[in-house]
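Notes for the structure review
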Amino acid sequence: MSRLEPPRVSRRSFLSLASVGSFCAAMGVALAGALRLPRPTVMPGPVRRYKIGNPEDFPIGSATHLEKENVFIYRDGEGIYAISAVCTHLGCIVAQSAQGFACPCHGSKFDAKGNVVGGPAPRALPWLEVSRAADGQLLVLADNEVPAGTHFEV
Amino acid sequence: MKDPSRLYRWMLLAASLVTIGYLVAAAVRENYLADWQTLQRVYRRQLQAKATDDRGRVLLKNFRIELKQISVPALNAVDRCVSCHTGMDDPRMTDVPNPLRVHPGDILKNHPVDRFGCTVCHHGQGAATNFHDAKADTNDVFWDYPLLRGELTQSSCLSCHDVERLPREQVALLREGMELYREKSCGSCHKIGGRGGSLSLALDNEGAKTRHELVMTNLQPPHTTPRWHLAHFSDPGGVISNTLMRNPTVTKRQALALAVYMLSLWQRDVPASYLSPDKIEEKARALHPAPLSGEQVYRRYCFGCHGEGAYGSWNKSFKRFIPAVRGPGLLAMATAPYLETNIAKGRPGTQMPAWEAGGLQLAEITAVVDYLRAEAPPPMAQGALVARGDAQRGGVLFAQNCEGCHGMSGRGGMAPELANPTFQQSAADAFIITTIRHGRAATAMPAFQNPTAPALTDAELGDVLACIRSFGQHTAGAQLASGRVGGTP
Amino acid sequence: MATSAPREFVDNLRQLPHTVKDAWLRQGHLPESEREESQATFHNFFLHIHSVRVHLRTLSPWLTFGLGLMATASFLVLTITGVLLMVYYKPSTALAYESIKDIHFVVSTGRVMRNIHRWSAHLMVVAVFLHMARVFFTGSYKQPREFNWLIGLALFAVTLGLSFTGYLLPWDQLAYWAITIGSNIANSPRELTDALGITRWFDPGGFQKHLLLGANYVGEDALIRFYVLHVFVLPLVLVILVSVHFWRIRKDGGLARPEDPMGGPAEWGGAWRPVFEPLATKTYGLMALVKGKRATVNRGPENTVMSWPNLLWAEMAVFMVTVAVTLILSYYFDAPLKELANPAIPENPAKAPWYFLGLQELVSYSAFVGGMVIPLIVLAGLALIPFLDRQPGGEGAWFGTPDEKRVAALSCLFGLLIAVGMLAFTVNFGWLRNWFSSIHQLWIIVINPGSVLVLLYAGWSLVVLKRGNSVRLGAVALFTCFLIGFSVLTYFASVHRGPNWQFYWWPSQWPVH
């Protein structure tokens, strides 16, 4: 019987704990580093930031269609906002209409704030972030959507 | 009994602790101590100091410490310069220390950073995120095009602009370089755009050369192309040991101007949307260039070897005597066709290139001949014509009287090569006879039928003439076949 | 007991930590007896490649120096860092170089990852090479381990192949020109077929080169082939071979070690007990008795200790030391990267990766002999060792049979003199073509410094074999000469060969172009 149940062994010691512990810690730190690697530190590709001019170019109550940037710029009492001119259905460029916007391709209709009022478009026209460039010009960041109603105060 | 694992446990502990240490050190180095992080922290303090109005506050709010880059696929550039040069396009940043300062001048107005990036003008390694690798101007960074700073950047303007239409202050050094190139007659030996001499390399793509395509043996490190050009213009022989190029004797600033011009000669693949309209017009004009005036041609393409032209000279490197092409002696008897043929066809086997292949238009050759003959003395009287005599007797006379200067079989030496095919072709018998009779004023060619002491009779003249013509028959085939040009580097 | 179902549900939810732990860990706690220790090894999926008990002598660092483990650890590190690098590396000639630059400058931990990958690749080649030397000098290739020796040679070749295929991926000047040389070495049989005039009908050189490059030049096709080989095919082959290699270690009875003295004590159950007979040198699986002497019943375990935890301590320690060394190197030294590959501007000197430099030196005398013949001869020679030296005795100890140390020392000297002498001769006096400029290439293929070196070494080893009256001694002589020759040639080609493969005393003397 004794050979089947040899005496208990206790090899636990501080050295064992410390070495295993430091091994796990080292592996943990390495893992943490490895997990950070796939996250991009800087986004590749060109950033769609458009300088569109100074605030004075957009008087209160104005509605400007910037054709090159595919965006509508509005200014009211609260500030400046930008609505994308790209239809959320299949990407055609919408035109301004009496109620707001209308897309010539498949008949999507939007109100003045970009909400869908008719047609196949699945969601509202996105509002784009407006900011300032370093030289003072207004900047439209077409890659950044903001909640509808966000105004940029000038 | 000895615990067999004790050693290993100690090893494991030590190695793990070392590993943790270095991993943490690497993490700190990468996430906190990088050049760009330190600088962006300083920049944020600047933004805070300048956040006195709406604009300043918005810029401060949106500022994040992160790697920043400008990606311009059309120019194949991803420039991370803005990670350190963060204040580059903020006009308020005039009083901050570099590299945070705003870009000098108003270049950015017409060259917005988002559309152009930085390296299209400044070169350097745009992908780098630290100064040493971005500047790439030392031998331990393996990047073909080092950073150009200050006025050196002007060399990039030529890629997209017709430089002569730009305001001169913006491209002053480059323009100076272009003008010096013409003034120093570099075109005598070098071609640009197919126009120029053939003694040395064509320079159309000189700016594209990397350090591996230039001879850096005699240059002290760092071996960069701008330094090479500077050294080369200051002392050509010091850079390339057995060069034919004479020292252009320029000041340091002029050498810099020439270097900038050389760097600008780069046939880059710039997308059409980036070319200035002036440039497109310039390219169109280059298809049918207006002919230069005679003096312009002479200054740009002849002066380098012939100098003012009144006197000939012995060139050590060519090992050949360069004739006086504006000397009164020659012009008194050389006809316009004679000069035109010699310029157009050159003197094969010598350093005088065939300028019709050297890019000169026919009208320009005519113009430069007119320029040469502008101050010609009245044509010399020819005297009685002499028929060709016996070449063998002439050979004896030639050996006695002519060989010393004109060389055996007329192959040249201190005096021109009489066996040269172009000479044989362009010089009429009368021309040869007259020259031997009367010599050539202001050169070493004596008169062999001086009225006071005629050295050669007419019959003897005829023999010498026949002998000289016989040289042409022997060498014509050999010269044209070998196509060698003497003294090519 | 009739518990209500909601109660049961809540109870089970609360017991979740315990029940999940019990489901996963069948033991649930660290082993507290030798039996549990043996179960920990035997019943674990990852650990059961280990034998339950391992011989004390084989745990000694001075026997193996942990070289095999170091190679395996390096491979593990390479695989992990390699997969991480694959997240950003783009295997196209237009994108590769830039992606490496991005990894170095921008990617989080990228610089260190790439450096680790590069330095552990070098470390793996070194470890594999030294491991082979260790196995040889401890006679651990002898029966029944001959096949494992062959697997090891195959692993050596695959390791070099992995390093070579990886070398091209950065697509910089170093990569491009090194692989240009490599592919031209593959093309070197042309030297022979051209000399015989048979290339038109029989062109193994061209075949090899086209297989490697997918074209006549090093370009996009070569890059993608090397990439596929490097990230998939060769690692797969290596993993399979390594698995067989480890399996054979088990089947061949564990690492080679000297026989325990008859009647001598053995450790068992915490005390030394006498041993009665020559011990079985094989562990046996419960499934089958593959080969061996006999099972031991009623015997003490033969000078062995439990694998759990002793062997595992050893493995973890070697793994961590490998990682630490690699990390230190990676922290301070960046993996080299030169300019973008430019076919118009050759590197001068264009050098193969360091482990092929010795070969390149030989290739500089004759491409075919240096590039194909000698490597094949060396591989064949190495492969034959366990089949020619079948005299048992001395396994598991360095220089286990008498006179081995002396023979090794003498061979060191001989090998050094011959290699250095040969190089000095060729540097000062040149070779056949310098003296007889129109000599037929076949003469040079037959008589060149490489073939002369091989012949002299082989001759020496035969002399030792005869005089020492032992095949093993002859093998020691030859192997030592091979090691020395390889080292001298590698050193010479690294340090003393400069632009145009001219001889220079020191790299600082290389002329600047």
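Residues numbered from 1 in each chain as written. Chains lettered and ligands numbered in written order. Predicted model: local features only at pLDDT ≥ 70, side-chain atom pairs only at ≥ 80, totals over all residues.

Regarding the domain arrangement of chain B
All names here are of chain B. Spelled out, the test is: Per the annotation, domain bounds derive from an automatic or database assignment of domains. We call two residues in contact whenever the C-beta atoms placed from their backbones are within 7 Å. When residues are grouped by polarity, Ala, Val, Leu, Ile, Met, Phe, Trp, Tyr, Cys and Pro land in nonpolar, Asp, Glu, Lys and Arg in charged, and all others, Gly among them, in polar.
Split by domain assignment, chain B resolves into domain 1 (38-147), domain 2 (152-272) and domain 3 (294-482). Placing a centre on the C-alpha atoms of domain 1 and another on those of domain 2 gives a separation of 29 Å. Counting residues at the interface gives nine residues for domain 1 and eight residues for domain 2. Partitioned by chemical class, the residues of the side of domain 1 that touches domain 2 number four nonpolar, three polar and two charged.

Some words on the domain arrangement of chain C
Residue and element names in this part refer to chain C. So the rule is basically this: Helical segments are the DSSP runs of H or I of at least four residues, strand segments are the runs of E of at least two, and each set is numbered from the N terminus.
Partitioning chain C into domains gives domain 1 (48-254 + 308-335) and domain 2 (363-513). Once you take the C-alpha centre of each, domain 1 and domain 2 turn out to be 24 Å apart. In this complex, domain 1 contributes 20 residues to the contact, which on the side of domain 2 involves 28 residues. For the side of domain 1 that touches domain 2, the elements supplying multiple residues, two or more each, are helix H7 (110-137), helix H8 (146-168) and helix H10 (189-196).

Side note on unusual backbone geometry
Cut-off, in case you're wondering: Each residue is classified by how many other C-beta atoms fall within 10 Å of its C-beta atom, where C-beta atoms are placed from the backbone; a count of 20 or more means buried, 12 or fewer means exposed, and values in between mean partly exposed.
In this chain, Asn98 of chain B is followed by Pro99 of chain B through a cis amide linkage whose omega measures 10°. As for its placement among the helices and strands, Pro99 of chain B is situated in the loop between strand S2 (77-79) and helix H4 (107-110). With an omega of 0°, the peptide bond between Pro221 of chain B and Pro222 of chain B qualifies as cis. As for its placement among the helices and strands, Pro222 of chain B is situated in the loop between strand S4 (195-196) and helix H9 (225-234). A positive phi angle, close to 55°, is found at Asn70 of chain A, a residue other than glycine. Its place among the elements puts Asn70 of chain A in the loop between strand S2 (63-66) and strand S3 (71-76). A count of 17 C-beta atoms within 10 Å places Asn70 of chain A in the partly exposed class. For Ser185 of chain B, which is not a glycine, the phi torsion comes out positive at approximately 60°.

Some points on the sheet that holds strand S7 (residues 109-111) of chain A
All names here are of chain A. Definition in use: Note: two strands are recorded as paired if DSSP finds a minimum of 2 bridges between them.
Read from one edge to the other, the open sheet built from four strands follows the order S5-S6-S7-S8, with strand pairing classed as antiparallel. The outermost strands of the open sheet, each flanked by one partner alone, are strand S5 (95-96) and strand S8 (116-118). Two elements, strand S6 (residues 100-102) and S7, share three bridges in a ladder whose sense is antiparallel. Note on S7: the bridge partner recorded for Gly100 is Asp111.

Notes on the sheet that holds strand S10 (residues 138-146) of chain A
Residues and elements named next belong to chain A. The test is simple: Every axis in this analysis is a line fitted to C-alpha atoms, fitted for helices over the stretch in contact. Angles between the N-to-C directions lie between 0 and 180 degrees.
With antiparallel pairing, six strands are arranged side by side in an open sheet as S1-S10-S9-S4-S3-S2. If you trace the sheet from one side to the other, it starts and ends with strand S1 (49-53) and S2, each paired once. Adjacent strand axes in the sheet meet at a mean angle of 35°, parallel and antiparallel pairs treated alike. Bridging between S1 and S10 involves four bridges; their strand directions are antiparallel. Looking at S10, one finds that Arg49 is bridged to Leu141.

Notes on the environment of Ala374 of chain B
Residue and element names in this part refer to chain B. Among the secondary structure elements, Ala374 is positioned in the loop between helix H16 (362-372) and helix H17 (391-401). Exposure remark for Ala374: the 11 C-beta atoms within 10 Å place this residue in the exposed category. Distance in space between the C-alpha atoms of Ala374 and Asp162 is 34 Å, their sequence separation being 212 residues.

A look at the packing of H8 of chain C against helix H12 (residues 220-251) of chain C
Two quantities define a packed helix pair, namely the angle between the helix axes and the distance between the axes. Residues and elements named next belong to chain C. Inclusion rule: Oblique is the label for any angle not covered by the other classes, which are roughly parallel (under 35 degrees), roughly antiparallel (over 145) and roughly perpendicular (65 to 115). Each helix crossing is assigned a hand: it is left-handed if the near helix lies turned anticlockwise from the far helix by less than a right angle, otherwise right-handed if that turn is clockwise.
Contact geometry for H8 and H12: axes closest at 9 Å, N-to-C directions at 160°. It follows that H8 is roughly antiparallel to H12 by the angle criterion. Every pair of crossing elements has a handedness; the one defined by H8 and H12 is left-handed. Of the residues in the contact of H8 with H12, the class split is 18 nonpolar, seven polar and one charged.

Observations concerning the nonpolar core
Using the following cut-off: Here, a nonpolar core means buried Ala, Val, Leu, Ile, Met, Phe, Trp, Tyr and Cys residues linked by C-beta atoms lying within 7 Å of one another.
Counting 169 residues, the largest nonpolar core has Leu12, Ala259 and Val260 of chain B together with Met124, Ala175, Ala317 and Met320 of chain C as its most contacted members. It is H7 of chain C that contributes the most residues to this core, 14 residues altogether. Not counting the four nearest positions on each side in its chain, Ala317 of chain C is found in contact with Tyr8, Met11, Leu12 and Ala15 of chain B. With 24 residues, the next largest nonpolar core counts Tyr81, Ile83, Leu138 and Val140 of chain A among its residues.

Some remarks on the confidence of the model for chain B
The test is simple: pLDDT is a per-residue confidence score from the predictor, ranging from 0 to 100.
In this model, chain B carries an average pLDDT of 90, and 96% of its residues clear a pLDDT of 70 or more. Below a pLDDT of 50 lies the segment residues 479-489 of chain B, which in the model reaches 23 contacts outside its immediate sequence neighbourhood of four places, other chains included.

So, the environment of His230 of chain C
All names here are of chain C. Within the secondary structure, His230 sits in helix H12. Exposure remark for His230: the 21 C-beta atoms within 10 Å place this residue in the buried category. Discounting residues that sit within four places of it in the chain, His230 has contacts with Leu162, Thr165, Gly166 and Leu169.

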